[in-house]
Amino acid sequence: MDLQQEYIVEVKEILKNLEQSLMELQESPNNPEEINNVYRYLHTLKGSAGLFGYEDIERLSHEMEYLYSDIRDGIIDQDDFILDLTLHSVDVFIDLIDGKNARNEIEKIVGDIQTLCDSSQSKESSNINQEIKARSSSAYIVILKPGENIFKRGIKIQAILEEVEELGNSETIIHNETVPLEQQLADKKLVSFFELLIATEDEPDEIKDIFMFLKGDEFKIIPIRSKADLSIPPYSDSIKLSEKEIEIRVEKFTKWIPDLFHTQAKKEAVEISAELKEMRQEEKEDTIEIVSGKKRKNGHVNVSTEKLDSLINIVSEMVTFRSELQHLMQDQKNHKLNEAIEKLERLTLKLRDSAFNIRLVPLNIIKVKLQRLIRTISKDLGKEVEFITDGLDTELDRGMINAIEAPLMHIIRNAIDHGLETPEERLQHNKEKKGLLKFSSFNSGDHVFIQIQDDGKGFDLEKIRQKGIEKGILNKHKEYSDKELLNVIFFPGFSTAENVSKISGRGVGMDVVKKEISSLRGEVEIETEKGLGAIFTIRLPLTLTVLDTLVVNVSEQKYLIPISEVEYCYVAEHEELFEKKSRQIQFNGQLTPFVSLREFFGKKDFPKNETVVVINKNDTKIAVVVDGIIGKLQTVYKPLNELLKSVDCFSGASILGDGSTALLLNALKLQN
Amino acid sequence: MSKKIVVAEDFNVSRKIIVNLLSKAGYSILEAADGQEALQHFDGQDLDLLITDYNMPNMDGAELISEVRKNEHYSYIPILLLTTEVKEEKIQKALDEDITAWIKKPFQADGFLKIVNRALK
């Protein structure tokens, strides 16, 4: 990766953190720690942007940083508008880093920030206990107007003035010097007041320290960012300047300005190069860590997904190769070789597990995205949503998380749009004003479950039934179970909302959600209670590519059935099975439909003894009748290519140990 | 010549800590366990700072401060007043007229030294 690319990765990381902090701020506005974090991220963003020539990023982050320094100092309150503005700017940053032009957006945001800061200025002047504004700028005007009792309080005004002088670049104006200052000091009777212009490389806090013993209304520190700032008199009630006095100031200080901003630019350059040095140092440390293999707490190495994928591919092929070896070994009687291969097997499995673990990331990484989505939608729809999460440390394959994101968002969109009621409706139904949306996840076996639960109005099964009939999906005269009715939601072209709204009704239906989840070998299910809400449960396999399967055959051709789906296997006589016209078997006292693969593929010559494999997939049972079972196999699973994608009774293919290929059965689809 | 600081604090442990801190920083200390004792140090000699507790037996901090200020020689000496609780507004305001700064107890050593150093400038 070249430096530029690294920078982009870094910026995206910062933006992600920034977004996360903003979401925390939504939960607890004005949380000082998070505000400080936001300020810091913006500062880092600004610092590095200039180096890589992203002027727009520099400009926007600079302005945002201003805003947040005011928020941090309590001059402006972090409110919803600002949160929106900042979130919007995060989007703009992303556009900018992707090379898009967003000038107009930037100007809009900058305009908003300026309005915000301006309106706060008036508020600020009435605020007696102002603090120093920690600006990135390091030029300040200090208005110093000590009270009459200053001497009696043991404060030495001359010491303060001297110390300011010691700072370096400074200029003092003595106002109202009716009696020479020296005389005033000797008489311990102060009538003058002071204006100090300070250009310094010290931290703002250090400047503030000089005036530590003065009261809030005795001094005011104003950061100077431009020449224009010199002519504004934003003073408090106790410190006022006449126009003439301002004139004096502008005249006297203007001469200083070029120098001053020169110093400042230099200072920032120094700061940035120091930051960069630090960054490099950290990088170096990371490299060392890898070389020496030393474990450091929380040490992370960023690896590109391509590299990871290639690792996974190699590991996958090794798993296949191991099967091949095992296959070859079946006829050998060399015990030592057998032992060696067993060892290899254990190691490959270990290698496989670690390789897949690398790809696992906690579900938490999409939380912020979902939070933002919820924020936007609930605002658009005028609904109040309390979003709670649980078990987001559950890990999933990175690729899986990427793929599941869109379906999740769609489900959430639907839940808020169609599930949750408006605050008024909720109050009428004796519910909390805020609707509840719970996003939770947990592991079970080699599956991950993700649930989205809302406490809205739930699905109206009767409505679904009518609509299903209307759309020709359901049969008017047939009785349907609740589960079957809910399943209709996943049919193409089905939507229960009377008015197609901007949020959910954008042509992407729940059928697409179902399809996408199925393509991950996952399942989605709905439970609902009218008036109380609904739960969407998504079940996903832990990894996408390796699968324990049962190998079955129909004549020469082999097929794979995921072991997790197999409930029971037995041998039955062909005559007995095909005795009746309806293709059903009795299993555990239940009538279960079966599909004979031989029949399905139009082959004849049925064997005398057939093998029945009972498959249970999410409580839906189907039996598959095959010639026989060959064995258990851990296979590397690959999706089918475009040509075969429409054949939905197969969800993938795999190369077997002997080099032949086998198709992965999606048994439930055989029935249709 | 090192600067001279009067430290008035009735609680021995606290006083020792303060004295230790300030001696290490290179100041000369005159100790006092109450206001009356402290006042005896204000005998016309050159002093640079008074650090006093508020609640003390015999003579409390407020009284001590007003006595010190009455002495022309010490009218402008910096005074740091140690306190644990927020005082009534009236008392606070009155004291504000006479002291350099409040120091809230408990305090951090470096923050305390920073204030002392500045008061002595």
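Residues numbered from 1 in each chain as written. Chains lettered and ligands numbered in written order. Predicted model: local features only at pLDDT ≥ 70, side-chain atom pairs only at ≥ 80, totals over all residues. Heavy atoms only, no water.

Chemist: Explain the side chain of Thr592(A) residue by residue, including any values.
Modeler: Residues and elements named next belong to chain A. As for its position among the elements, Thr592 is in strand S16 (residues 590-596). You can call Thr592 buried: its relative accessible area is 2%. Once you skip the residues sitting within four places of it in the chain, Thr592 turns out to touch Arg583, Gln584, Ile585, Phe587, Lys621, Ile622 and Ala623. (Helix = DSSP H or I, 4+ residues; strand = E, 2+ residues; numbered from the N terminus. Buried < 20%, exposed > 50% of the residue type's maximum accessible area, 1.4 Å probe, protein only. Contact = heavy atoms within 4.5 Å.)

Chemist: I'd like a rundown of the packing of aromatic side chains, residues and numbers included.
Modeler: Residue and element names in this part refer to chain A. Applying the stated rule across the entire model yields 15 aromatic pairs over all chains. Ring geometry for Phe459 versus Phe536: centroids 6.1 Å apart, planes at 65 degrees, classification edge-to-face. Of this pair, Phe459 sits in the loop between strand S9 (447-454) and helix H16 (461-470) while Phe536 sits in strand S11 (residues 533-541), and the two are 77 residues apart along the sequence. Aromatic side chains Tyr568 and Tyr570 sit 5.9 Å apart centroid to centroid with 45 degrees between the ring planes, which places their arrangement in the tilted category. Taking the relative accessible area as the measure of exposure, Tyr568 reaches 45% and is therefore partly exposed. Of the aromatic side chains, those joined through ring pairs into one cluster are Tyr559, Phe600, Phe601 and Phe650. Lying across the ring of Phe193, Lys145 places its NZ or CZ 5.2 Å from the centre. (Phe/Tyr/Trp six-rings, centres within 6.5 Å; stacked < 30°, edge-to-face > 60°. Lys NZ or Arg CZ within 6 Å of the ring centre and 35° of its normal.)

Chemist: If you had to explain the packing of helix H3 (residues 55-72) of chain A against helix H4 (residues 80-97) of chain A to someone new, which residues and values would you point to?
Modeler: All names here are of chain A. At a minimum axis separation of 10 Å, H3 and H4 run at an interaxial angle of 160 degrees. In terms of orientation, H3 and H4 fall into the roughly antiparallel class. Judged by the sense of rotation from one axis to the other, the crossing of H3 with H4 is left-handed. Mapping the contact onto sequence places Asp56, Ile57, Leu60, Ser61, Met64, Leu67, Tyr68 and Ile71 in H3 and Ile82, Leu85, Thr86, Ser89, Val92, Phe93, Leu96 and Ile97 in H4. Classifying every residue of the contact of H3 with H4 by side-chain character gives 12 nonpolar, 3 polar and 1 charged. (Axes fitted to C-alpha atoms, helices over the stretch in contact; angles between N-to-C directions. Parallel < 35°, antiparallel > 145°, perpendicular 65-115°, else oblique. Left-handed = near helix turned anticlockwise from the far one by under 90°. Nonpolar A, V, L, I, M, F, W, Y, C, P; charged D, E, K, R; others polar.)

Chemist: Before we move on, could you go through the pairing of strand S3 (residues 193-199) of chain A and cite the residues and values that matter?
Modeler: Residues and elements named next belong to chain A. Buried residues dominate S3, accounting for 7 of its 7 residues. Residues Phe193, Glu195, Leu197 and Ala199 line one face of S3 and the alternating positions Phe194, Leu196 and Ile198 line the opposite face, and both faces are buried. Sheet topology note: the strand S1 (residues 139-144)/S3 ladder contains 6 bridges and is antiparallel. Bridging across to S3, Leu144 finds its partner in Phe194. Bridge count for strand S2 (residues 169-175) against S3 is 7 bridges, and the pairing is antiparallel. What sits directly across from Thr172, in S3, is Leu196. (Pairing = 2+ DSSP bridges.)

Chemist: Lay out the pairing of strand S17 (residues 609-617) of chain A in plain terms, naming residues and giving numbers.
Modeler: Residues and elements named next belong to chain A. Burial within S17 is extensive, with 7 of its 9 residues counted as buried. Sheet topology places strand S14 (residues 566-573) next to S17; 7 bridges connect them, and they run antiparallel. Within the sheet, the bridge partner assigned to Glu573 lies in S17 and is Asn609. Pairing between S17 and strand S18 (residues 620-626): 7 bridges, direction antiparallel. If you follow Val614 over to S18, its bridge partner there is Ala623.

Chemist: I'd love a proper account of the pattern of salt bridges, names of residues and values included.
Modeler: Between side chains of opposite charge, a pair can form when the charged atoms approach closely. All names here are of chain A. A full pass over the atoms with the stated rule returns 31 salt bridges over all chains. Two residues, Asp84 and Arg375, come together in a salt bridge whose shortest N-O distance is 2.7 Å. In this pair, Asp84 is assigned in helix H4 and Arg375 in helix H13 (residues 367-381), connecting sequence segments 291 residues apart. Take Asp84: its relative accessible area is 31%, and that puts it in the partly exposed class. The class for Arg375 is buried, based on a relative accessible area of 8%. Between Arg583 and Glu599 there is a salt bridge whose closest N-O contact spans 2.8 Å. Residue Arg583 is found in the loop between helix H19 (574-577) and strand S15 (584-587), and its partner Glu599 is found in helix H20 (residues 597-600); the two are separated by 16 residues along the sequence. Given the relative accessible area of 34%, Glu599 is considered partly exposed. (Salt bridge = Lys/Arg side-chain N within 4 Å of Asp/Glu carboxyl O.)

Chemist: With reference to specific residues and values, describe the interface of chain A and chain B.
Modeler: By a widely used convention, the size of an interface equals the accessible area lost when the partners come together. With 15 residues of chain A in contact, the opposing surface of chain B contributes 18 residues. Across the chain A to chain B interface the summed buried area is about 1500 Å²; carbon plus sulfur atoms make up 52%. When residues of chain A are sorted by the area they lose upon contact with chain B, Lys152(A), Arg153(A) and Phe213(A) head the list and together hold 37% of the total. At the boundary of chain A with chain B, the tally comes to 4 salt bridges. (Buried area = accessible area lost by both parts, 1.4 Å probe.)

Chemist: Explain the sheet that holds S1(A) residue by residue, including any values.
Modeler: All names here are of chain A. With respect to topology, 4 strands assemble into an open sheet ordered S2-S3-S1-S4, the strand pairing being antiparallel. Strands at the two margins of the open sheet, each flanked by one partner only, are S2 and strand S4 (219-223). Neighbour-to-neighbour, the strand axes of this sheet turn through a mean angle of 15 degrees, independent of strand direction. Lying over the sheet, helix H6 (residues 157-166) contacts S1, S2 and S3, oriented at roughly 25 degrees with respect to S3.

Chemist: Could you give an account of the nonpolar core, with specific residues and numbers?
Modeler: Membership of the largest hydrophobic core comes to 46 residues, with the highest contact counts inside it found for Leu437(A), Phe439(A), Ile450(A), Phe536(A), Ile538(A) and Leu540(A). It is helix H14 (residues 398-419) of chain A that contributes the most residues to this core, 9 residues altogether. Contact partners of Phe536(A), with chain neighbours within four places excluded, come to Ile411(A), Ile450(A), Gln451(A), Ile452(A), Phe459(A), Phe490(A), Met510(A), Val524(A), Glu525(A) and Ile526(A). Core analysis: the second largest hydrophobic core is formed by 42 residues, Val142(A), Phe211(A), Ile103(B) and Val116(B) among them. (Core = buried A, V, L, I, M, F, W, Y, C linked by side-chain atoms within 4.5 Å.)

Chemist: Just give me the short version of the environment of Arg359(A), but keep the residues and values in it.
Modeler: Along the polypeptide, Arg359(A) turns up in helix H12 (residues 335-359). Along the backbone, Arg359(A) and Glu395(A) are 36 residues apart, and their C-alpha atoms lie at a distance of 9.2 Å.

Chemist: Could you give an account of helix H1 (residues 3-27) of chain A, with specific residues and numbers?
Modeler: Taking 1.5 Å as the rise per residue, H1(A) with 25 residues should run 36 Å; its terminal C-alpha atoms sit 36 Å apart, in good agreement. Listing the buried residues of H1(A) in full gives Tyr7(A), Val11(A), Ile14(A), Leu15(A), Leu18(A), Glu19(A), Ser21(A), Leu22(A), Met23(A) and Leu25(A). (Expected span 1.5 Å × (residues − 1).)

Chemist: How would you explain the confidence of the model for chain B if you had to name every residue and give the values?
Modeler: Residue and element names in this part refer to chain B. Summing up the model confidence of chain B, the mean pLDDT is 88 and the portion of residues at 70 or higher is 98%. Least confident of the elements in chain B is helix H4 (residues 89-96), whose mean pLDDT is 77; most confident is strand S1 (residues 4-8), at 94. Prediction confidence for the complex, expressed as pTM and ipTM, is 0.46 and 0.87 respectively. (pLDDT = per-residue confidence, 0-100.)

Chemist: Give me the sheet that holds S1(B): which residues, what numbers.
Modeler: Residue and element names in this part refer to chain B. Taking strand neighbours across the sheet as the criterion, the 5 strands line up as S2-S1-S3-S4-S5 in an open arrangement whose pairing is parallel. The open sheet has two edge strands, strand S2 (28-32) and strand S5 (101-104), and neither has a second partner. Across the sheet, the axes of successive neighbouring strands diverge by a mean angle of 20 degrees, strand direction being ignored. Pairing geometry for S1 and strand S3 (residues 49-53), over 4 bridges, is parallel. Residue pairing across strands places Val7 opposite Ile51, the latter belonging to S3. Against the sheet, helix H3 (residues 61-70) engages S1, S3 and strand S4 (79-83), with an angle of about 155 degrees to S3.

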